[in-house]
Every structure is written in structure tokens, then in C-alpha cells.
Amino acid sequence: MNAAVGVDIGGSRVKAVRLVEGEIEEQAVRPTPATVAGILEAAADLATRLGSGLPLGVGLAGLVDHRRGVLVWAPHLPGEEVAVSAPLGERLGVDVTVDNDANLASYGEHVAGGGRGTTLTVTVGTGIGMGVVVDGEIFHGRAHAGEVGHVTVEPNGAPCPCGRRGCWETVVSGRRLTSDAVAVLGAGSDVSDLVSAAVDGHPAAAARLDAAGRWLAWGIEALVLAFDPHEVVLGGGVAAAGDYLLDPVRRRLAATEGAGRRQSTTVRVGILGPYAGAIGAAMAATPAHEG
Ligand SMILES: [Zn+2]
């Protein structure tokens, strides 16, 4: 039986699934603890509750060294050089696979989409993450490939949590669209309110979403030109805006360099939803993956 537990540790929530033969049998979510010890405790507790004795995959929102099983650094998580796979493996007595959350989400989408060719997944949540999977293998560079949310697109732009200015995720991300929603619709508004208002004909809401869609399209076009993937998957909370953000991407790619001569790239919303990172973590930890 192919079964594993996946735990996805994000800046605000820890999500977990037990995956059996590719199907979710159980899932759980809780707030991300504020300390390293608390985070490891939450991961161990979820792994025990959902699938004691099963292999464990752990995704982390930050710079991960997958070979050493270490969280090197993360903008929204505590600690540096945090050993993750060794203490969890010792405590639980199981194999533990650790990787960046966007890499694992991309792995999950790649497998769910048939597992062939090159899948490039752009996860637009609080910030932007990216994962590239080629014929079933995550592309890591040395360890930290995919940090495209911090490519500079506006040299004198807004401050980014990474400490620099004008990163891609300052112009399109959950954080940016939430602040757009508050600016246009008032305090307490969120991304789904912004989309609803745009659909109802609110010009300022539509203008903000159009601008985000253009920034997303320019960035994804650059990635498509660099990687020539079979498919681009949009994941993360902002994927809920759906065609509002994907139509500008499709229009841009339809007119990119060599369009009509190069093979087209499919652009789709992720099919795994908000648990994509946890599902991908479980898939990557499933023993059959190694066989
Ligand atoms: Zn940045």
C-alpha cells in the first residue's frame, strides 16, 4: 500500500494530510507555532495523529537544504539552520523527506497532472514561490532554485519583507492584493472581496486586478522563456481569482517571442487546492516514488 503523511509548514498555517494510494484520507490544519520547538512539535504531533509509522514529507516556506533536511532560513518562520528531518526521523522512527513548500506543491501538481514533461508551478500565496519538476524530479539548482518572488521588477518599488525593494511579490501576491482590497474597499476587505467587486463592475477593483494580472503575466512569460515548460500551474490562495489573473497570462504567452512557432504552454489553475503543498510532501515521501 502506498501511504504517507505530508505536512506543509507555512508562515501562518500548518496543513497536513494522510495520502493513501494518491487519495486524501484525512487532513488537518492549525496555526503555525511561533517557535522552532513548537513547529517541530506540531509536525511530530500531526504525523503521529494522521499516520503513525508512515513515511513523512515536510514542506517549509523558506530556503531548505533538501539533502541535509535543514531549514536554512525563512522570512516568515523562526530560526536559522534548523535541523528538521533528523529530529523528526529519530522521534517518529520513520523516513522523513524535507523540501521547500513550493517545490513540493509543484511536485504534487506534476504527479496529479500525469507526471510527464516539465511542470512549472507559481504559487501566489502571501508571497510568490515557484517549483519546477522535470519528468518526476524536482529541479533544485544546488538547493534554493525557484526564489523568483524576489526578482526585482521595480528597482525603486515598495519595500519587501526580504529587506529589498520592488521584488515581484511586492506587485502581485496575496499581501499586495489584500492591501489593494483595503485601499479600494476599506478595512477588513480581502482578495475575494476585490474579485467580487471587480465582477460587479467596480472600476478601481478591476484596475487593481488588471495591474496584478499584467505583473503576473510579465513574470510568468520570463519563466516560460527560461524553462520552456509543458504547463504552468497557478497555485496558492490567489489562484481563487482564477481567470482574472490567468487570462492576462494566456494573452501574454499567445504573443510572446516565437509564439506560433514554439510549442504552446498550457496555463491552468492548480487542481490540488490549498493542500497542494501537503499533498506534494506526502507524494514525495511515498516509498513507491523511489522505486
Ligand atoms: Zn523580496
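Residues numbered from 1 in each chain as written. Predicted model: local features only at pLDDT ≥ 70, side-chain atom pairs only at ≥ 80, totals over all residues. Heavy atoms only, no water.

S.K.: What am I meant to see in the overall build of the protein here?
M.R.: Looking only at helices and strands, one finds 9 helices and 13 strands in the protein. Against the 2.2 N^0.38 benchmark of 19 Å for 291 residues, the protein shows a C-alpha radius of gyration of 19 Å, consistent with a compact globule. Reported as C-alpha extents along the three principal axes, the dimensions of the protein are approximately 55 × 45 × 35 Å. A burial count over the protein gives 52% of its 291 residues as buried. The long-range share in the protein, meaning contacts at least 24 apart out of those at least 6 apart in sequence, stands at 59%. Averaging the coordinates of the 22 positive side-chain charges in the protein and doing the same for the 32 negative ones gives two points 6 Å apart. (Helix = DSSP H or I, 4+ residues; strand = E, 2+ residues; numbered from the N terminus. Rg over C-alpha atoms; globule rule 2.2 N^0.38 Å. Buried < 20%, exposed > 50% of the residue type's maximum accessible area, 1.4 Å probe, protein only. Contact = heavy atoms within 4.5 Å. Lys, Arg positive; Asp, Glu negative; His and termini not counted. Charge placed at Lys NZ, Arg CZ, Asp CG, Glu CD.)

S.K.: Can you help me understand the sheet that holds strand β11 (residues 137–138) in this one?
M.R.: Paired through their backbone hydrogen bonds, the strands of a sheet run either parallel or antiparallel. Reading across the sheet, the 5 strands line up as β11-β10-β9-β12-β13 and stay open at both edges, with mixed pairing between neighbours. Each edge of the open sheet carries a strand with a single partner, namely β11 and β13 (266–269). One ladder, built from 5 bridges, connects strand β9 (residues 118–124) with strand β12 (residues 231–235); its direction is parallel. Within the sheet, the bridge partner assigned to T119 lies in β12 and is E231. (Pairing = 2+ DSSP bridges.)

S.K.: Is there a simple way to think about unusual backbone geometry in this case?
M.R.: Peptide bonds are, in most cases, trans, and in most cases residues other than glycine have a negative phi. Of note in this structure, D135 is not a glycine but carries a positive phi near 45°. Looking at the secondary structure, you find D135 in the loop between β10 (128–134) and β11. Given the relative accessible area of 55%, D135 is considered exposed. At D228, a residue that is not glycine, the phi angle is positive and equals roughly 45°.

S.K.: Can you help me understand the coordination of the zinc ion in this one?
M.R.: Working reference: metal with six octahedral donors, ideal angles 90 or 180 degrees; metal with four tetrahedral donors, ideal angle 109.5 degrees. Within the protein, the zinc ion binds to H150 (ND1), C160 (SG), C162 (SG) and C167 (SG); these donor distances fall in the range 2.0 to 2.3 Å. The site at the zinc ion holds 4 donor atoms, and with the angles between them running 106 to 119°, its shape is tetrahedral. Mapped onto the polypeptide sequence, the residues donating to the zinc ion form the spacing pattern H-x9-C-x1-C-x4-C. Highlighted residues: H150 in the loop between β11 and α4 (168–171) and C167 in the loop between β11 and α4, separated in sequence by 17 residues. (Donors = N, O, S within 2.8 Å, 3.2 Å for Na, K, Ca; no water. Tetrahedral: all angles 85-135°; square planar, octahedral: opposite > 155°, others 65-115°.)

S.K.: Looking at this model, I keep getting lost on the packing of helix α7 (residues 203–227) against helix α8 (residues 243–254). Mind explaining?
M.R.: Packed helices, taken two at a time, are described by their axes: the angle between them and the distance between them. Close contact between α7 and α8 brings their axes to 8 Å; oriented N to C, the two are set at 45°. Our classification of the angle between α7 and α8 gives oblique. Regarding α7 and α8, the two cross each other, and that crossing is right-handed. On the side of α7, the interface is formed by A206, L209, D210, A212, G213, R214, L216, A217, W218, I220, E221 and V224, while α8 contributes Y244, L245, P248, V249, R252 and L253. (Axes fitted to C-alpha atoms, helices over the stretch in contact; angles between N-to-C directions. Parallel < 35°, antiparallel > 145°, perpendicular 65-115°, else oblique. Left-handed = near helix turned anticlockwise from the far one by under 90°.)

S.K.: Is there a simple way to think about α7 in this case?
M.R.: Counting along an α-helix, one turn takes 3.6 residues, and residues three or four places apart therefore face a common direction. An ideal rise of 1.5 Å per residue puts 36 Å on 25 residues; α7 measures up with 36 Å between its terminal C-alpha atoms. Positive backbone phi, at 45°, marks D228, one or two positions downstream of α7. (Expected span 1.5 Å × (residues − 1).)

S.K.: I keep staring at the nonpolar core and nothing clicks. Help me out?
M.R.: Where a protein is soluble and globular, its nonpolar side chains tend to be buried together. Residues V122, W168, V172, L216 and I220 are the most contacted members of the largest nonpolar core, which totals 37 residues. Those elements that place two or more of their residues in this core are β9, β10, α4, α5 (174–185), α6 (191–199), α7, β12 and α8. No other element matches α7, which puts 10 residues into this core. Setting aside its immediate chain neighbours within four residues, I220 contacts V122, W168, V232 and V249. Of all hydrophobic cores here, the second largest spans 26 residues; its members include A28, A44, V64 and V98. (Core = buried A, V, L, I, M, F, W, Y, C linked by side-chain atoms within 4.5 Å.)

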